[in-house]
Amino acid sequence: MASLQSSFTVLATTPTPRNSSLSKPSLLPTTNARRSHRFRVSCSSNGGGGVDRRNMLLGLGGLYGASNLISGRKANADPILPPDLSQCDPTGATTTSGGQTVSLDVDCCPPYTDIQSDYKLPSFTTPRVRPAANRGTLKPEYIAKYQLAIQSVKRMRDLDVTDPDDPRGFTQQANIHCAYCNGPYDQPDHPGLDLQVHNSWLFFPFHRWYLYFFERILGSLIDDPTFAIPYWNWDNPRGMFMPEMFTFPGTPAYDANRDPSHIPTGTNPVVTLNVGSTVTDPVQIISNNLTQMYNEMIGTPASATDFMGQPYRDGDAPHGFSGGGTSEQGSHTAIHVWVGDPNNEYNEDMGNFYSAGRDPLFYCHHANVDRMWTLWKDIPADYSKEITDPDFLKSAFMFYDKNKNLVRVTVADALDYKRMGYEYEPSNTPWMNYRPQQRLVPANLESLSKTAQTVAKLFPLTLNNTVKVIVPKPATGKADETLVIENIVTDNTKLVKFGVFINDEDDKPEEVDRAEYAGSFTQLPHRVKAKQSTGNLRLNLKELYENINIADDKSVVVTIVPIINGSAVTIGSVKIVPRVA
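So, a few notes on the structure that sits alongside this text. From a predicted model like this one, the values you see are computed outputs, not experimental measurements.

What counts, and where the lines are drawn
Residues numbered from 1 in each chain as written. Predicted model: local features only at pLDDT ≥ 70, side-chain atom pairs only at ≥ 80, totals over all residues. Heavy atoms only, no water. Core = buried A, V, L, I, M, F, W, Y, C linked by side-chain atoms within 4.5 Å. Buried < 20%, exposed > 50% of the residue type's maximum accessible area, 1.4 Å probe, protein only. Helix = DSSP H or I, 4+ residues; strand = E, 2+ residues; numbered from the N terminus. Contact = heavy atoms within 4.5 Å. 1 Å grid on protein atoms, 1.4 Å probe; cavity = no way out; pocket = protein on both sides within 12 Å on 5 of 7 lines; lining within 4 Å. Points joined across faces, edges and corners; volume = space filled by probe spheres on them. Nonpolar A, V, L, I, M, F, W, Y, C, P; charged D, E, K, R; others polar. Pairing = 2+ DSSP bridges. Disulfide = S-S within 2.5 Å. Lys, Arg positive; Asp, Glu negative; His and termini not counted. Salt bridge = Lys/Arg side-chain N within 4 Å of Asp/Glu carboxyl O. Axes fitted to C-alpha atoms, helices over the stretch in contact; angles between N-to-C directions. Expected span 1.5 Å × (residues − 1). Parallel < 35°, antiparallel > 145°, perpendicular 65-115°, else oblique. Left-handed = near helix turned anticlockwise from the far one by under 90°.

**Overview of the nonpolar core**
Piece 1. Judged by nonpolar contacts, the single largest core of 103 residues is most densely connected at Tyr146, Tyr180, Trp209, Leu218, Trp232, Phe397 and Phe399.
Piece 2. Element by element, the count of residues in this core is highest for helix α5 (residues 203–221), at 12 residues.
Piece 3. Ignoring any residue separated from it by four or fewer positions in sequence, one finds tyrosine 180 in contact with Pro83, Tyr185, Leu195, Gln196, Val197, Phe206, Phe397 and Met398.
Piece 4. Val500, Ile502, Ile560 and Val569 belong to the second-largest nonpolar core, a separate cluster that totals 33 residues.

**Describing the layout of surface pockets**
Piece 1. As a volume, the largest pocket reaches approximately 670 Å³.
Piece 2. Lining the largest pocket are 33 residues, and of these Thr300, Asp306, Thr326, Gln329 and Arg538 lie nearest its centre.
Piece 3. Sorting the residues of the lining of the largest pocket by element identifies α6 (282–299), α7 (304–308), α8 (326–339), β17 (517–523) and β18 (532–540) as the ones contributing at least two each.
Piece 4. By residue number, the principal contributor to the lining of the largest pocket is β17, which donates 6 residues.
Piece 5. Of the residues in the lining of the largest pocket, the class split is 10 nonpolar, 18 polar and 5 charged.

**With respect to the sheet that holds β17**
Piece 1. Spatially, the 5 strands line up as an open sheet ordered β12-β14-β19-β16-β17, and their pairing is mixed. The open sheet terminates on both sides in strands that have one partner only, identified here as β12 (453–454) and β17.
Piece 2. Of the strand pairs in this sheet, β12 and strand β14 (residues 467–472) are connected by 2 bridges, and their pairing is parallel. Following the sheet pairing, glutamine 453 is matched in β14 by valine 469.

**Quick look at the environment of tyrosine 354**
Piece 1. Relative to the elements of secondary structure, tyrosine 354 occurs in the loop between α8 and α9 (361–378).
Piece 2. A sequence separation of 176 residues divides tyrosine 354 from cysteine 178, and the C-alpha atoms of the two residues are 4.1 Å apart.

**Quick look at the state of the cysteines**
Two cysteines joined by a covalent bond between their sulfur atoms form a disulfide.
Piece 1. Here the structure, examined in full by the defined rule, presents 2 disulfides.
Piece 2. What pairs with cysteine 88 in a disulfide is cysteine 109, and their sulfur atoms sit 2.1 Å apart. On the sign convention where negative means left-handed, the S-S torsion of about -90° between cysteine 88 and cysteine 109 marks this disulfide as left-handed. Pair noted here: cysteine 88 is in the loop between α1 (53–58) and β3 (94–97) and cysteine 109 is in the loop between β4 (100–103) and β5 (116–118), with a separation of 21 residues, a long-range link.

**Here we look at the side chain of glutamate 296**
Piece 1. Relative to the assigned elements, glutamate 296 resides in helix α6.
Piece 2. There is no salt bridge for the buried glutamate 296, and the closest opposite charge comes from lysine 497, which lies 9.8 Å off by N-O distance.
Piece 3. Setting aside its immediate chain neighbours within four residues, glutamate 296 contacts Pro301, Phe307, Thr326, Ser327, Gly330 and Ser331.

**Looking at the pairing of strand β15 (residues 481–491)**
Piece 1. In terms of burial, β15 is largely enclosed, as 10 of its 11 residues are buried.
Piece 2. Where β15 and strand β21 (residues 573–578) come together, 6 bridges link them in antiparallel fashion. When the sheet's bridge partners are listed, valine 484 is paired in β21 with lysine 575.
Piece 3. The pairing of β15 with β18 spans 8 bridges and is classified as antiparallel. Note that in β18 the partner of valine 489 across the bridge is threonine 534.
Piece 4. As judged from the 2 bridges shared by β15 and strand β20 (residues 569–571), these two strands associate in the antiparallel manner. In the strand pairing of β20, threonine 490 is matched with valine 569.

**Comments concerning the pattern of salt bridges**
Piece 1. Using the criterion set out here, one finds 25 salt bridges in the structure.
Piece 2. Salt-bridge contacts for lysine 404 lead to aspartate 166; the nearest nitrogen and oxygen are separated by 3.9 Å. Taken together, the positions of lysine 404 in the loop between β9 (396–400) and β10 (406–410) and aspartate 166 in the loop between α3 (156–162) and α4 (170–181) put the pair 238 residues apart, joining distant regions of the chain.
Piece 3. Relative accessible area serves as the criterion here: at 39%, lysine 404 is assigned to the partly exposed category.
Piece 4. By relative accessible area, aspartate 166 is classed as buried at 3%.
Piece 5. Where glutamate 481 meets lysine 473, a salt bridge forms, and the shortest distance between an N and an O atom there is 3.1 Å. Like glutamate 481, the residue lysine 473 is buried in the burial classification.
Piece 6. Connected through shared salt-bridge partners, Arg439, Asp504, Glu505, Asp506, Arg514 and Glu516 make up one network.

**Comments concerning the sheet that holds β10**
Piece 1. Taken together, 3 strands build an open sheet; the order of strands is β5-β10-β9 and the sheet is mixed. Two strands lie at the open edges of the sheet, namely β5 and β9, each paired on one side alone. Recorded for the sheet is a direction-independent mean angle of 30° between the axes of neighbouring strands.
Piece 2. Strands β9 and β10 of the sheet are contacted by α5, whose axis makes an angle of about 15° with β9.

**Overview of the pairing of β14**
Piece 1. Relative to strand β19 (residues 555–564), β14 runs antiparallel, the two being bridged by 6 bridges. Along β19, the bridge assignment pairs isoleucine 470 with valine 557.

**Description of α9**
Piece 1. Between the first and last C-alpha of α9 there are 27 Å, a value that for 18 residues agrees with the 26 Å anticipated at 1.5 Å per step.
Piece 2. Most of α9 is tucked away, with 15 of its 18 residues classed as buried.

**Some details on the packing of α6 against α8**
Piece 1. Running from N to C, α6 and α8 point in directions that differ by 160°, and their axes come no closer than 9 Å. What the angle tells us is that α6 and α8 run roughly antiparallel. Seen along the crossing, α6 lies across α8 with a hand that is left-handed. In this structure, α6 contributes Gln292, Met293 and Glu296 to the contact, and α8 contributes Thr326, Ser327, Gly330 and Ser331.

Now the structure itself:
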């Protein structure tokens, strides 16, 4: 490991401005060309031969140390490295539509500088308190301050006009999400392999850092270090509508690219966390929402990665949607779909990763997503909520801070939100006590089985219609088991959802507040290099067995209900296995 002690020289060049326009997508040929290197790095112990960028980063700021090598893995540790901004592809932002990869006529790359450093969290004596947006307690002066922070003179939106390459401008901040999510960044040392911060254990820490710098920039621009962004408390019935302060046309927090039926004066103003639901009764919608929240926060996760998302390491291809944790797949995705405008070709703004940051409501939404992480950490459970894998802790990102400095940050430094100088105003969480009501009498498995088929006879299949399948159990009764829906192949260009029920005698798929509801698979149209994605859906059944009061049966009947674009889904098989801790 002598090379880790090497000296290094950065041969600097003049920073290059970026075109930060956010124009409409167009159907353009996709290019794999990447921006050429603007600087060279020479590293060696004797001033001679070079080493690759990974070894250089191993020596930068202690981010990646030889002491953290993982037994059984390759010689170098495998955290996701921060992107090389000099290699950001200004034509690389794409999405998918109609079976095609569609180039977006938008340059998501940030302004580039070769002056970089490791970010050191400052000490905070007074925490910034993020208030609930839908409690009716926001004072007019706070709302005025938030509007001012986004648009007034020398503020974010004004910077879009006066200095489009200022990384603190609103457009540049919006572009961060596009660059990390829609293809402009490759993984360092892996040309052509996208860097993706969704559908894995990077989801929560990346967005926490994103909000941290966004909030600190806002506070700096209005000269108020105590300024904190509000959180949209859509997990509380009082907050299950679009926050009023974001809905006034002509104000800085307004965005015209939202579903017009979901604004406060629209035809369906109550938030649904059940994507694809056609329920219009507000009481049923809210009951479904509270059950969804309970399941994703308490009932379904049985490990830290169940909630946080699956491991994602250097050199891994980006995961499909099944790699995301319960919160990311559930309420997080549902709000994106609910707010985005279905009348737009790509469901802009919130309904597509590349454009989501253009809507000021995005940051309010993700503040509540971050709040879910803080709440989950404090909910008692019979499993550890810490991820100690060095590949998780040492994964890193690049951001511009409030002083326009380009800085590296790690996952490890984002685990304690109080160290980052903020906290959340308390808000009621009724979903914590919304476990589905237990059935008094177990389902009649013999009767249910008459309309179900065996796994061998039914699979593989395209999910054109609702299917019922008899699935053997490894153990009888209330065992600790996991349902695995295997080899789910989806068309990446489609919004897809199907629901899953166990021993369901009622066949009411719109009512997900029932004991028989096991969970769902939801996919947003997204950009990956292949037209299709393949993955598995794992649903833990221990608590569900208790809810349905399962008898000492040797099998269950699994019902799979296509909700959105079932014809774009094929399923290889279904099985139940003992849950692996």
